[in-house]
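# Structural description and commentary
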Amino acid sequence: MTVYNIALIGFGGVNRALAGLIATKNPQWERQLGFQLNIVAVSDLYLGSVISPNGLDPRMLTEANFTKGGFGQLSGGSSEADNETVIKLAPADIVVEATFTNPKDGEPAVSHCRWALQAGKHVVTTNKGPVALAAQELKALAKSRGVRFEYEGAVMSGTPVMRLADKTLAGAEMKGFEGILNGTSNFVLGRMEGGLDFSSAVKEAQALGYAEADPTADVEGHDVRLKVVILANELLGANLKPEDVTCEGISRLSPHDIETAAKENCRWKLIGSAARGVDGIVVGSVAPKRLALEHPLAGVGGATNAVSLNTELLGSVTITGPGAGRVETAYALLSDIVAIHSAQPSKDAKEAA
Ligand SMILES: NC(=O)c1ccc[n+]([C@@H]2O[C@H](COP(=O)([O-])OP(=O)(O)OC[C@H]3O[C@@H](n4cnc5c(N)ncnc54)[C@H](O)[C@@H]3O)[C@@H](O)[C@H]2O)c1
Ligand SMILES: N[C@@H](CCO)C(=O)O
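Residues numbered from 1 in each chain as written. Chains lettered and ligands numbered in written order. Predicted model: local features only at pLDDT ≥ 70, side-chain atom pairs only at ≥ 80, totals over all residues. Heavy atoms only, no water.

### With respect to the site of ligand 2
Selection rule: We call a residue near a molecule or strand when any one of its heavy atoms sits within 4 Å of it. The definition of a polar contact used here is a pair of N or O atoms within 3.5 Å, where within protein one atom must be able to donate a hydrogen and the other to accept one, and adjacent residues in sequence count solely through side-chain atom pairs. Calculation of accessible area relied on Shrake-Rupley with a 1.4 Å probe; when residues are assessed, cover is drawn exclusively from the protein chains displayed. The way it works is that DSSP assigns letters per residue, a run of H or I at least four long becomes a helix, a run of E at least two long becomes a strand, and they are numbered from the N terminus.
Every residue close to ligand 2 is listed here: Lys128, Asn182, Gly183, Thr184, Tyr210, Ala211, Glu212, Asp218, Asp223, Lys227, Gly323 and Ala324. The side chain of Lys128 places a nitrogen or oxygen atom 2.8 Å from an oxygen atom of ligand 2. A distance of 2.7 Å separates an oxygen atom of ligand 2 from a polar atom in the backbone of Gly183. Here ligand 2, which alone exposes 260 Å², has 92% of that area covered by the protein. Listing elements by their share of the shell around ligand 2, those giving two or more residues are helix H7 (183–193) and helix H10 (222–235).

If you want it as structure tokens, here you go:
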């Protein structure tokens, strides 16, 4: 049986949900996917760090109500988060990075990924910072160490937009994309259309686990800007940086704007897009747009995301699905591990060699 030892960096909504899935689904994964996951370390800014080479009980991790520094009570634990030691020294095959997204320089998550890859460990992450700001460096580093850097959950949560484009639409010649790429702002717009005020709607999105630690990133469009950068660089071969993408969020839309649009059979949506111009240059933008109700993106509600990929050979292909959520995003991490598993000879075979 293949068992991947994993180290969780960050133990908030997403990594906790992954631990919860491990607690119940390992036997099923062994049958259906050919592997089980074993958590050998966790490090969290608030809770501290713990390394346990034989593995930690995932149920205990998710059900214990740890308070600040609580990992210090566990065998092999410390009340301080020593990410560097955990990443470099824990006997993990895969480091799962799910700390806060830092839209400015991606740190400390970029360093977390770098340390792991340098140590010959695969990295799976839902953190947009390292992917938007350092993907080229981290992909090259992974290649040089014979490991993988996977990040499907950085855009559209567990909805597989990047693998769809990379694998299933290979050769279709991508020209651009446009879509709803932030679950929180889409949820907020829908709740405001239902009469709720802006800040109550944001609070609901936070309680449901959709929002960033600082929800300003969601409602001011900064989160979508990172996703536009990621998709433009991945799908269109661009080399965009966040400052190359114009950005306006939804915070300036008033209840009156939303009401007026509804009366005129329209709906506001926060749209992220990028396209290659005739000069070959890729241009990206984030802005609220008033869409007629017949527009394919107008009916996308709640935290659901949708993106239409404009291809040369197939025309427009739209993928829609969850754009945020704890379990939905934990699924993205699982899908990354499935990709790692599929791409390499079995761990058992390597050990036998
Ligand atoms: N929640 C979603 O729907 C979703 C979807 C896609 C991507 N993401 C991304 O996934 C990541 C995790 O999301 P989440 O919802 O679990 O966030 P969260 O805020 O619930 O959890 C983040 C955790 O990371 C810990 N942390 C922060 N900085 C740290 C550091 N330097 N070292 C160790 N621990 C640190 C925090 O204490 C917290 O427990 C974020 O980058 C987010 O942008 C989230
Ligand atoms: N805060 C983000 C999470 C997914 O990246 C959103 O609401 O879409």
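### Details of the site of ligand 1
Convention followed: Here the nonpolar group is Ala, Val, Leu, Ile, Met, Phe, Trp, Tyr, Cys and Pro; Asp, Glu, Lys and Arg are the charged ones; every other residue, Gly included, is treated as polar.
Around ligand 1 lies a shell of 24 residues, among which Asp44, Thr99, Thr126, Glu212 and Gly325 are the nearest. Contacts to ligand 1 include Gly12, whose backbone N or O atom sits 3.4 Å from an oxygen atom. A distance of 2.7 Å separates an oxygen atom of ligand 1 from a polar atom in the side chain of Thr126. For ligand 1, whose accessible area on its own is 830 Å², the fraction buried by protein is 87%. The set of elements that each furnish at least two residues to the shell around ligand 1 consists of helix H1 (13–32) and strand E2 (35–44). For the shell around ligand 1, the class distribution of residues is eight nonpolar, 13 polar and three charged.

### Focus: the UniProt feature "active site" (unreviewed entry) in the protein chain
Rules: UniProt positions are given in the numbering used here, feature names are shortened, and annotations may be inferred rather than shown by experiment. Throughout, exposure labels follow a simple rule: accessible area from a 1.4 Å probe, protein chains only, divided by the maximum for the residue type, with under 20% read as buried, over 50% as exposed, and the rest as partly exposed. Any two residues whose heavy atoms approach within 4.5 Å are treated as being in contact.
UniProt's entry tags Lys227 with the feature "active site" (unreviewed entry), counted in the numbering of this structure. Accessibility expressed as a relative area gives 4% for Lys227, which makes it buried. Among residues more than four places away in sequence, those in contact with Lys227 are Lys128, Ala154, Val155, Leu181 and Asn182.

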